[in-house]
Amino acid sequence: MSHEKHIAKIEKIKQDMLAAYPPKTARKRQKQFLVNQTKLEPKQEMQANVRTLPGIITQRGCTYAGCKGVVLGPTRDILNLTHGPIGCGFYSWLTRRNQTRPVDDKDDNFMPYCFSTDMQDENIIFGGEKKLRKALEEAADIFHPKAIGVFSTCPVGLIGDDVHAVSREISEKTGINVFGFSCEGYKGVSQSAGHHIANNQLFKHVIGKGKCCKEGKFKVAMLGEYNIGGDAFVLEELFDRCGITITATFSGNSTYEQFASAHLSDLTVVMCHRSINYVADMIEKKYGIPWFKVNFIGAQASAKSLRKIADYFGDAGLKARVEEVIKEEMAKVRKALEAIKPKVEGKTVMLFVGGSRAHHYQELFKEMGMKVLAAGYEFAHRDDYEGRDVLPNVKVDADSRNIEELTVEPDPKEYRPRKSEKEMKALKENGMRFKDYDGMMPEMEDGTLVIDDINHFETELIIDKYKPDMFCAGVKEKYVIQKLGMPLKQLHNYDYGGPYAGFEGAINFYRDVERMLNSRVWGHIQPPWNKGKALPAIFVDVSQ
Amino acid sequence: MLLRHTTKEIKEREALTINPAKTCQPVGAMYAALGFHSCMPHSHGSQGCCAYHRSMLTRHYKEPVMATTSSFTEGSAVFGGQANLLSAVENIFTLYKPDIIAIHTTCLSETIGDDVTQISAKATDEGKVPAGKHIVHANTPSYIGSHVTGFANMVKGFVNYFAAKTAKGNGKINVIPGWVEPSDMREVKRICKEMKVETIIFPDTSEVMDRPQTGTFEMYGPGGTTIDEMRSSGDSKATLSMGHFASLPAAEALDAKCKVKIVDLDVPIGLSATDRFIQALSETAGVEVSQSIERERGRLVDIITDNEQYFYNKRVAVYGDPDNLIPFCEFLVDLGMRPVYVVTGTPGKYFDERMGKVLKDIPEAKFKQGAQADMFLMHQWIKNEKVDLLIGNTWGKYIARDENIPLIRFGFPIIDRVGHSYFPSLGYMGAIRILEKIMDALLDAKDRDCKEENMELVQ
């Protein structure tokens, strides 16, 4: 099929889909659905980070989930107190698979706990500050944590409880660093607003307060790695072997002290661009630490990222060690790929998830020889689709305006450029890019589909039209898709598998995907008596 | 240690809930609505509520949980959610074509005071509700009661909307099974069939939340109580209401609306509660207890007779929902076990009254309901004096591991094992399954932990 015909065919799918919507819904959805054409000028624009239409069965969650669940959830020694009715605290209790590794039995670990003010109707009517104050006092008295985070749920903002004032008051009284988050679920349009609120508060109340950074010659803070299924453990070990020290991870396997001392690193790298790129920016402005984007999902991407870090430090010994580690790891990766590739090559996949993963995981599928037909994010912004070049042109709408943007100045005492202007210039001239992210679309093939904030209706429709071999999304979509007789790979919780980061993770992923695609169960969906007359009498190889 | 901050020393708490034995109303309303045929549950609030509830129900059932949300933004929180709800109704009926949209509120829409009755009427006036389609609603503020309250409110909402009394009785018995598994609802129907009693059971999540793999996805399962059945429930002879917290409010609403007599029962978990259910079913319907059911009972009693030494005096901690805890603890007592610690986050003095009676011969028993009746407190009790067995939802596994106590998963949510939605725990057969689980747990622990010289081949 010619390129034009192919584009026309997909445009037809889009038009069919839009025709089924009520007119107002169709008008809004058409801007979040495009056929990727990388060579077009001007470049294609994807509408993203806009309101979800009511009633359409979205994948999205809320600001509280992004703030308490995603960003602060993985930190073991901050006591996270949900201020609100019981549900929000309950649902975000241990459900995200963030692993953590306390150093010993004495090390604080509040992650297996759920703390809530469990607001009742009288607190809604007469205000909840008194109960919050009391709950904080009780938490301080029973647990003596280093820090407490207070997370606002929907009614808190409405009734006007001042969580920040109460936090300050308890902080002064107990000496514990207590800070509040105005992360009511209705703010913003998705989890993304919650990431921003969480990170802003960490930047204001924690980062820069620490004095002791983990020792090492090459100190890196890793942002946007949440240690789902042990990803951060793999990266810690990998970096260790190369001789690079991860001083802080935001926020997988993290501690308060790591956050507090992130300003003492010499480089910031960003994994999940969506959830945290602005923190990297703020750290650079305030403390003089440069940042760039890395990706440790995919073996090639991992190798590339490690080399970039080594090049940044420019140390010959480090570069040699990195090459050695890559060589060792790639040998294992090649062996694993040799075993699985013949069984998966040419299979097709769609990815609709997250704010970075729908992009990052394409690397892994490509390494396996699989073809990406369509992809999109659940809560990303335009720059995650089109690259950071569009940032100056991103329209700030009413929902985004409500999310605070911090103004950051160089810190009078702590600002220390890690590289001189001359060094930075030299690095850039040698091709090193800082503050870089090209987004998902330029890396996707022409003619693929890109859909933002996909909903159930669209999901069913594109599966019906394309019949992919695998779909990637989250738990809410998992069993819907599998009822259709095809595997859904969860890229939020990894189907309780993983880790998938680094070289070791890539190998795990190849094997898991191969297992899912070729599971014998898919051959058993139809009972033998429904498979046609001839079948019951002959041997049927269900793996075919 | 996973729960390393849980100390033996118990400090009085007034405001802080730690490791709750409950969650909030809307998730219960969503589960209840899924038990009605061709119904789309709709969450009127921020989209996070719907995402959380769908995720939790999905993890528990490993099934599609289809539900929609009003996706509130800051603007709707300030100006009210009417525009969002109207647009949701239009999108849902156009795209997903349910017969019913069952709207439940959230703490957000309740706090701002959205009037869902009025908005639904407006949707109808504006032609957004196609002919023959319905909008049912329930107020489910998260800051009152618990998930069980939300379930009860939604079932009551269906009664209020559909149930009608005509001049002619239908000769049937209504059964409100409460918040139980699809397998349990299926079992209740089987028992009634064995007894040759015609019933209307609502809600009924069997064939909705336990659908087979067929290679096709359907938005609505073949199961669920139908609109016709709900209408007809007003003409039934009586309502067997199972559970004071989850079912009685709907039974009372039906009695108030259509004068249908209430038989107030526990959820039939274990021997005695099932006896009362069977007896009530027999008396209300005017039928003899079937031989087959009596023989099921006989098999249950036989297993208890043969194995009572394994149960006797074993100390048990149980947490979960009051409608389950009351008959479950009664069963444990029937077995000779000692339910010494019992907590539920769902508030209600009725729980205290009933547990006081169930546990009257166990003077060391502690039980508590409401906000600070949480798993943290129960764990502290356990730290002070150990138990032999822990029974409750998945979150108990952290206590089980730290304290080396076997755990039986029971209740909601169970998000790390399967089986609960396929094998019933209700009725005599369900009781046999519970017995099997208890014995497996206790004897597996013994086989793992006993001295080598005490290892027994035969038990």
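Residues numbered from 1 in each chain as written. Chains lettered and ligands numbered in written order. Predicted model: local features only at pLDDT ≥ 70, side-chain atom pairs only at ≥ 80, totals over all residues.

Looking only at helices and strands, chain A features 21 helices and 14 strands. The C-alpha radius of gyration computed for chain A amounts to 24 Å, which stays within 12% of the reference 24 Å derived for 544 residues, consistent with globular compactness. Seen through its C-alpha atoms, chain A measures out along the principal axes to roughly 80 × 65 × 50 Å. Put simply, chain A has 544 residues, and 54% of those count as buried. A sequence separation of at least 24 residues applies to 76% of the contacts in chain A between residues at least 6 apart. (Helix = DSSP H or I, 4+ residues; strand = E, 2+ residues; numbered from the N terminus. Rg over C-alpha atoms; globule rule 2.2 N^0.38 Å. Buried ≥ 20, exposed ≤ 12 C-beta atoms within 10 Å, placed from the backbone. Contact = placed C-beta atoms within 7 Å.)

Moving on: the sheet that holds strand β2 (residues 78-83) of chain A. Two pairing modes exist for strands in a sheet, parallel and antiparallel, and in both the strands are linked by backbone hydrogen bonds. Sheet architecture is open: five strands sit in the order β5(A)-β4(A)-β2(A)-β3(A)-β1(B), paired in mixed fashion. Single-partner strands in this sheet number two, and they are β5 (177-181) of chain A together with β1 (17-18) of chain B. Direction of pairing for β2 of chain A relative to strand β3 (residues 115-116) of chain A: parallel, over a ladder of two bridges. By the bridge assignment, Thr-82 of chain A is partnered in β3 of chain A with Ser-116 of chain A. Packed on one face of the sheet, helix α8 (residues 163-174) of chain A meets β2, β4 (147-152) and β5 of chain A and runs near 175° to β5 of chain A. (Pairing = 2+ DSSP bridges. Axes fitted to C-alpha atoms, helices over the stretch in contact; angles between N-to-C directions.)

Let us look at the domain arrangement of chain B. Residues and elements named next belong to chain B. Annotation of chain B at the domain level lists domain 1 (25-162), domain 2 (173-210 + 217-289) and domain 3 (293-453). For domain 2 and domain 3, the distance between their C-alpha centres works out to 25 Å. With 30 residues of domain 2 at the interface, the matching set in domain 3 holds 29 residues. Broken down by secondary-structure element, the contributors of at least two residues to the side of domain 2 that touches domain 3 are α8 (182-194) and α11 (270-285). (Domains from an automatic or database assignment.)

With that settled, consider the interface of chain B and chain A. Each partner contributes to the interface: chain B provides 68 residues, whereas chain A provides 65 residues. Of the residues forming the side of chain B that touches chain A, the biggest block, 10 residues, is contributed by helix α4 (residues 82-95) of chain B. Of the residues belonging to the side of chain B that touches chain A, the class tally is 30 nonpolar, 27 polar and 11 charged. Pairing between β3 of chain A and β1 of chain B: two bridges, direction antiparallel. Each residue of the ladder has a partner; that of Ser-116 of chain A, found in β1 of chain B, is Thr-17 of chain B. (Nonpolar A, V, L, I, M, F, W, Y, C, P; charged D, E, K, R; others polar.)

Residues and elements named next belong to chain A. Of all five residues in strand β10 (residues 348-352), four are buried; the element is thus mostly enclosed. Taken together, the five bridges between β10 and strand β11 (residues 371-376) define a ladder with parallel strand orientation. Within β11, the position partnered with Val-349 by the bridge is Val-372. Read as a crossover between parallel neighbours, the route from β10 over helix α15 (residues 357-367) to β11 is right-handed. Pairing between β10 and strand β13 (residues 470-473): three bridges, direction parallel. Pairing of Val-349 across the sheet is with Met-470, part of β13. (Right-handed = clockwise from strand over helix to strand, strands pointing away.)

On to the sheet that holds strand β7 (residues 199-201) of chain B. All names here are of chain B. The sheet built from four strands is open, its strands ordered β7-β6-β8-β9 with parallel pairing. Each of the sheet's edge strands pairs with one partner strand only, and the pair in question is β7 and β9 (261-265). Taken over all neighbouring pairs, the strand axes of this sheet differ in orientation by 20° on average, direction set aside. Bridge count for strand β6 (residues 173-176) against strand β8 (residues 238-242) is four bridges, and the pairing is parallel. Across the sheet, residue Ile-173 finds its bridge partner in β8, namely Ala-238. Contacts from α8 reach β6 and β7 within the one sheet, and its direction differs from that of β7 by about 175°. Sheet strands touched by helix α10 (residues 248-258): β6, β8 and β9. Its angle to β9, the strand with the most contacts, is close to 165°.

What follows concerns the packing of helix α7 (residues 147-162) of chain B against α10 of chain B. When two helices pack together, their arrangement is given by the angle between the helix axes and the distance between those axes. Residues and elements named next belong to chain B. At their nearest, the axes of α7 and α10 sit 8 Å apart, and the two run at 20° to each other. Classified by the angle between their axes, α7 and α10 sit roughly parallel to one another. The interaxial crossing formed by α7 with α10 has right-handed handedness. For the pair formed by α7 and α10, the contact residues are Ala-152, Val-155, Lys-156, Val-159 and Asn-160 on the first element and Pro-249, Ala-250, Ala-253, Leu-254 and Lys-257 on the second. (Parallel < 35°, antiparallel > 145°, perpendicular 65-115°, else oblique. Left-handed = near helix turned anticlockwise from the far one by under 90°.)

The next subject is unusual backbone geometry. Note that the residue after Glu-41 of chain A, namely Pro-42 of chain A, is joined by a cis bond; omega there is -10°. By the secondary structure assignment, Pro-42 of chain A is in the loop between β1 (33-35) and α3 (63-72). In this model, Phe-202 of chain B is joined to Pro-203 of chain B through a cis peptide bond whose omega is -10°. If you trace the backbone, Pro-203 of chain B turns up in the loop between β7 and α9 (227-232). You will see that Asp-495 of chain A, though not glycine, has its phi angle at about 55°, which is positive. Take Asp-495 of chain A: there are 16 C-beta atoms within 10 Å of it, and that puts it in the partly exposed class. The backbone of Lys-62 of chain B shows a phi angle near 50°, a positive value even though the residue is not glycine. Structurally, Lys-62 of chain B is set in the loop between α2 (47-61) and β3 (68-69).

Another aspect to go through is the environment of Leu-318 of chain A. Residues and elements named next belong to chain A. Along the chain, Leu-318 turns up in helix α14 (residues 316-344). Residue classification places Leu-318 among the buried positions, given that 20 C-beta atoms sit within 10 Å. Between the C-alpha atom of Leu-318 and that of Cys-242, which follows or precedes it by 76 residues, the distance is 6.8 Å. Leave out the neighbours within four places in its chain, and Leu-318 touches Phe-218, Cys-242, Gly-243, Ala-310 and Phe-313.

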